[in-house]
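# Structural overview
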Amino acid sequence: MADIIQLLPDHVANQIAAGEVVQRPASVVKELLENAIDADATKIKLIIKDAGKTLVQVIDDGKGMSTTDARLSFERHATSKIRTADDLFQLHTKGFRGEALASIAAIAHVELRTKQAQDEVGTSIIIEGSDVVAQEVVVTPKGTSISVKNLFFNIPARRNFLKSNTVELRHVIDEFHRVALAHPTIAFVLYNNGSELFNLHESNYRQRIVNIFGNKTNEKLVPVIEDTEILKISGFVGKPEFAKKTRGEQYFFVNNRFIKSAYLNHSIVSAFDGLLKPGMHPSYFLNLTVNPQSIDINIHPTKTEIKFDDEHALYALLRSAVKHSLGQFNIAPVLDFERDPNLDVPYNYNQNAGNRPVIEIDRNFNPFNDQRNSQTHTTTYKKEAATGWENLYEGLESKGTKTQQDFSEVHFESESNSKILFDDKYLDTVQTTYQLHNKYIVSTIKSGMLLIDQQRAHQRVLYENLLEQLTVEGASSQQLLFPLTLHFSTPEIEIIKQLKEDLKHTGFIFSNLTKESVEITGVPVSIPESEVSIILEQLISDVENEVPDSNFSITDLLAKSLAKSLAIKTGQPLKKNEQEHLVNSLFACKEPNVSPTNRSTFITMSVDELDKKFI
Ligand code: ADP
Ligand code: MG
């Protein structure tokens, strides 16, 4: 049989390599910014259009390339950064694989203009899908400009897989942050669709963080410094009281390279032990300097993970350095690291000075009237509403009350179990509800037992209600006495801008949006003012983590996110009337049997099944 193995042509090999190097516009941003830094640029301009899908351009004032190098730079494995295998263990540059430009040129329209300081004129090269279409001598300033247009123009499947501009822009900005944070002495500018998102001057590290994340950040930072033989640490951690519900601002740089490390992250979190409320994440911006020979950057193609020789030592050093800083700045109660941590008083202990007993009086109780109907329940409950989570129900009241008063009128629109479960005998059969472990509501139904997950059930109720408000009615808004100003990072503001109109339908009124703050004059009736910031934070993080889905709708996401934030949680004790109200509201939903994220809201167990358990 004839030989069948052939070497792949270069352009095919490049396209395959591109699959690894370039996943999305942000990957191009990363490679081009890193090349500019390796070329010793002092000013770098990043220009993108349509979140980078149409254009990613990086202009630097670095050392530029000769005509021959300019041409060679697009070849695979063409690099000026390493020469021998040994160099791999002595890396002082960002790049070393010599793959980025070749890969990018295989899947986009690329235009390069470059000139070295000593040359009179420079070189321009245009490449489309690995083919050089033009090469000219041009007049151009010292440095390099690379434009990458129409990413994935020749791989429609990859192009279609790109997410919405909001999400892709978020990735681009993330990359930009990482590079800009690692190099505070280089000036960076970022434009998206002609508007300037960041203009970062040459500065020190603290100023760079503040310039990126907003002036408010300054007061949140606690410096961390440590200098040992195997590791130098410098940077900042965020004060515990500014910890966030989402893992936003967590940055490790090892030898000026952004890395992800769950292990090192853990060491920081453990240094905050006892200082953070559960579920909160500390922010940190830490630079670690180690001997380049003690790390291997090679284990991940996109190079955000690295391998350390002595991870355990780094873990311990990092933990104690952070602990020390928190202690020095009077943030942590523990200064003595040798002390048994089990003896330490938890941070929040002082505030927990025991709960004052509260006597609850039912003011509507009339000993001579034992026929209290459900209407009375609602009135009682309305009075309590101002005190806590119960007011979240307020928006549902009309629906809920109707359900309670005249249940036979409710139309179940879906073909769900609810029909079978709650036939006309329903009212007779719900005699009572019972809350189990502040988590489940138990009730009897005709066929046996019903067990409802209170958190998921309430999410479903709120979700359907919010969807209705968002698409049909628009919710009423509660005017704030004083406008509420909240600070966010620029990319977060970008997301709020895009959601502004939809949020208006839920009752949020934004009076002013600047680059790093929002002013809110109205909030949905159901949301307490103190919760607004956390709810918006959650929403932003949900938008960022949006999963690719052709049915994706921002309204739906908004309703899901708000329902998640607003729903009563596991652990919340519910009074009898609240339990009943929740059960009734749930079964007035169109799809009562699943939560907005498609998880079961209740299970049933028939008497037969129960009988079997007792055999
Ligand atoms: P790598 O960065 O791994 O070497 P690239 O494909 O990113 O590989 O770049 C190939 C080569 O092109 C680099 O080694 C460098 O010599 C040259 N180069 C790329 N971008 C620039 C730039 N902005 N300024 C100067 N030289 C550059
Ligand atoms: Mg490179």
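As shown above, the structure is provided for reference.
Conventions used here
Position labels on residues start from 1 in each chain and follow its written sequence. Here chains are named by letter from A upward and ligands by number from 1 upward, in the order in which they appear as written. It should be noted that, the model being predicted, local features are given only for residues of pLDDT at least 70 and side-chain atom pairs only at 80 or more, the latter also being counted only at that level, while totals for whole chains, interfaces and linings use all residues. Just so you know, side-chain values use all the structure's heavy atoms and leave hydrogens and water out. Helix and strand assignments follow DSSP, with helices taken as H or I runs no shorter than four residues and strands as E runs no shorter than two, numbered in order from the N terminus. Only protein chains enter the area calculation, which uses a 1.4 Å probe; residues under 20% of their type maximum are buried, those over 50% are exposed, and those in between are partly exposed. We call two residues in contact whenever any of their non-hydrogen atoms come within 4.5 Å of each other. Computed by Shrake-Rupley with a 1.4 Å probe, the accessible areas treat only the displayed protein chains as cover when residues are assessed. Working definition: a ring pair exists when centres of Phe, Tyr or Trp rings (six-membered ring for Trp) sit within 6.5 Å. Plane angles under 30 degrees give stacked, over 60 give edge-to-face, the rest tilted. Two distance rules govern patches: like charges are joined within 9 Å, and nonpolar side chains (Val, Leu, Ile, Met, Phe, Trp, Tyr) within 5 Å, applied only to residues with over 30% relative accessible area and no salt bridge. Within this document, salt bridges are pairs made up of a side-chain nitrogen of Lys or Arg and a carboxyl oxygen of Asp or Glu, the two lying within 4 Å of each other. Residues are counted as near a molecule or strand when any one of their heavy atoms sits within 4 Å of it. Polar contacts here mean pairs of N or O atoms no more than 3.5 Å apart (in protein, one a potential hydrogen donor and the other a potential acceptor; neighbouring residues in sequence count only if both atoms are side-chain atoms). Amino acids outside the nonpolar list (Ala, Val, Leu, Ile, Met, Phe, Trp, Tyr, Cys, Pro) and the charged list (Asp, Glu, Lys, Arg) are all regarded as polar, and Gly is one of them. A pair of strands is treated as paired once DSSP finds two or more bridges between them. Where helices are involved, their axes are fitted lines through C-alpha atoms of the stretch in contact, as for all axes, and angles between N-to-C directions lie from 0 to 180°. For classification, angles of less than 35 degrees are called roughly parallel, those exceeding 145 degrees roughly antiparallel, those between 65 and 115 degrees roughly perpendicular, and all remaining angles oblique. Each crossing gets its handedness from the near helix: less than a right angle anticlockwise from the far helix is left-handed, clockwise is right-handed. For the charge count, each Lys or Arg is scored as positive and each Asp or Glu as negative, with His and the chain ends excluded. Residues belong to a common nonpolar core when they are buried Ala, Val, Leu, Ile, Met, Phe, Trp, Tyr or Cys residues joined through side-chain atoms within 4.5 Å. Helix span, as expected, comes to 1.5 Å for every residue beyond the first. What the bend at a residue measures is the angle between two axes, fitted to the seven residues ending there and to the seven starting there.

## A closer look at the overall build of the chain
- For the chain, the helix and strand inventory stands at 19 helices and 22 strands.
- With 615 residues in all, the chain has 48% of them scored as buried.
- Across the chain, the fraction of contacts at a sequence separation of at least 24, relative to all contacts at a separation of at least 6, is 68%.
- Per element, the accessible surface of the chain, about 32000 Å² overall, is 50% carbon and sulfur.

## Let's talk about unusual backbone geometry
- Although it is not a glycine, D50 adopts a positive phi angle of roughly 50°.
- Relative to the assigned elements, D50 resides in the loop between β1 (43-49) and β2 (55-60).
- The backbone phi angle of A51 is positive, close to 55°, even though this residue is not glycine.
- Looking at the secondary structure, you find A51 in the loop between β1 and β2.
- Among the residues examined, A51 registers a relative accessible area of 2% and is labelled buried.

## Description of the packing of aromatic side chains
- The full count for this structure, using the stated rule, is 13 aromatic pairs.
- Considering the side-chain rings of F213 and Y251, the 6.0 Å spacing of their centres and the 50° angle between planes classify their relative orientation as tilted. Of this pair, F213 sits in helix α7 (residues 205-213) while Y251 is found in strand β11 (residues 250-254), placing the two residues 38 residues apart along the sequence.
- Among the aromatic residues, those joined into a cluster by ring pairs are F213, Y251, F253, F258 and F285.

## Comments concerning a nonpolar patch on the surface
- The grouping of M1, I4 and I5 at the surface amounts to a nonpolar patch, some 510 Å² of accessible area in total.
- Relative to the helices and strands, I5 is located in the segment before α1 (10-21).

## Concerning the site of ligand 1
- For ligand 1, the set of nearby residues contains 18 residues, the closest of which are N35, T79, S80, K81 and G98.
- Between an oxygen atom of ligand 1 and a side-chain N or O atom of N35, the distance comes to 2.8 Å.
- Here an oxygen atom of ligand 1 sits 2.6 Å away from a polar atom, N or O, in the side chain of T79.
- Counted by class, the shell around ligand 1 contains six nonpolar, eight polar and four charged residues.

## Side note on the sheet that holds strand β9 (residues 221-227)
- The five strands lie next to each other as β9-β10-β13-β11-β12, forming an open sheet whose pairing is mixed. Of all the strands in the sheet, just β9 and β12 (257-259) have a single pairing partner and so form its edges. Mean inter-strand twist for the sheet, computed between neighbouring axes without regard to direction, equals 20°.
- Across six bridges, strand β10 (residues 232-238) lies against strand β13 (residues 284-289) in antiparallel orientation. Bridging across to β13, F236 finds its partner in F285.
- α7 contacts β9, β10, β11 and β13 of the sheet and is inclined by roughly 145° relative to β13.

## Concerning the environment of L486
- In this structure, L486 sits in strand β19 (residues 477-487).
- Classification of L486 by relative accessible area gives buried; the value is 11%.
- Separated by 27 residues in the primary sequence, L486 and L513 place their C-alpha atoms 9.9 Å from one another.
- Among all residues touching L486, those that are not within four sequence positions of it are E516, S517, V518, I520, V532, S533 and L536.

## Here's the deal with the packing of helix α8 (residues 262-271) against helix α9 (residues 311-328)
- Running from N to C, α8 and α9 point in directions that differ by 30°, and their axes come no closer than 8 Å. Of the possible angle classes, the one that applies to α8 and α9 is roughly parallel. Crossing geometry of α8 relative to α9 is assigned as right-handed. For the pair formed by α8 and α9, the contact residues are Y263, L264, H266, S267, I268, S270 and A271 on the first element and E311, H312, L314, Y315, L318, R319, V322, K323 and L326 on the second.

## A word on the side chain of T490
- Tracing the sequence through the fold places T490 in helix α15 (residues 490-506).
- Classification of T490 as buried rests on a relative accessible area of 8%.
- In contact with T490, other than residues within four places in its own chain, are L197, F198, I212 and K515.

## Let's talk about the pairing of strand β18 (residues 448-453)
- In terms of burial, β18 is a largely internal element, five of the six residues being buried.
- The sheet contact formed by strand β17 (residues 440-445) and β18 spans six bridges and is antiparallel. Looking across to β18, one finds that Y440 is bridged to D453.
- Here β17 folds back onto β18 in antiparallel fashion, the turn holding two residues.

## Observations regarding the side chain of K53
- Structurally, the position occupied by K53 is in the loop between β1 and β2.
- For the buried K53, no salt bridge is present, and the opposite-charge side chain at shortest range is E168, 6.0 Å distant.
- A polar contact of 2.7 Å, which involves the side chain of K53, links it to the side chain of N165.
- Not counting chain neighbours up to four residues away, the residues in contact with K53 comprise P25, N150, L151, R159, L162, K163, S164, N165 and E168.

## Here we look at the nonpolar core
- L46, V148 and F188 are the most contacted members of the largest nonpolar core, which totals 59 residues.
- The biggest single contributor to this core is helix α6 (residues 165-182), with eight residues.
- What V148 contacts, discounting residues up to four positions off in sequence, is V28, L32, T54, L55, V56, I104, A108, H109 and V110.
- I495, L499, L558 and L562 belong to the second largest nonpolar core, which has 32 residues in total.

## Comments concerning α15
- Here α15 contains 17 residues, and its C-alpha end-to-end distance of 23 Å stays within 8% of the 24 Å for a straight helix at 1.5 Å per residue.
- The sharpest bend along α15 comes to roughly 60°, located at K500.
- Among the residues making up α15, those that are buried are T490, P491, E492, I493, E494, I495, I496, L499, D502, L503 and T506.
- Positive phi appears at G507, one or two residues downstream of α15, with a value of about 115°.

Keep in mind that these numbers describe shape and distance, not what the molecule does.
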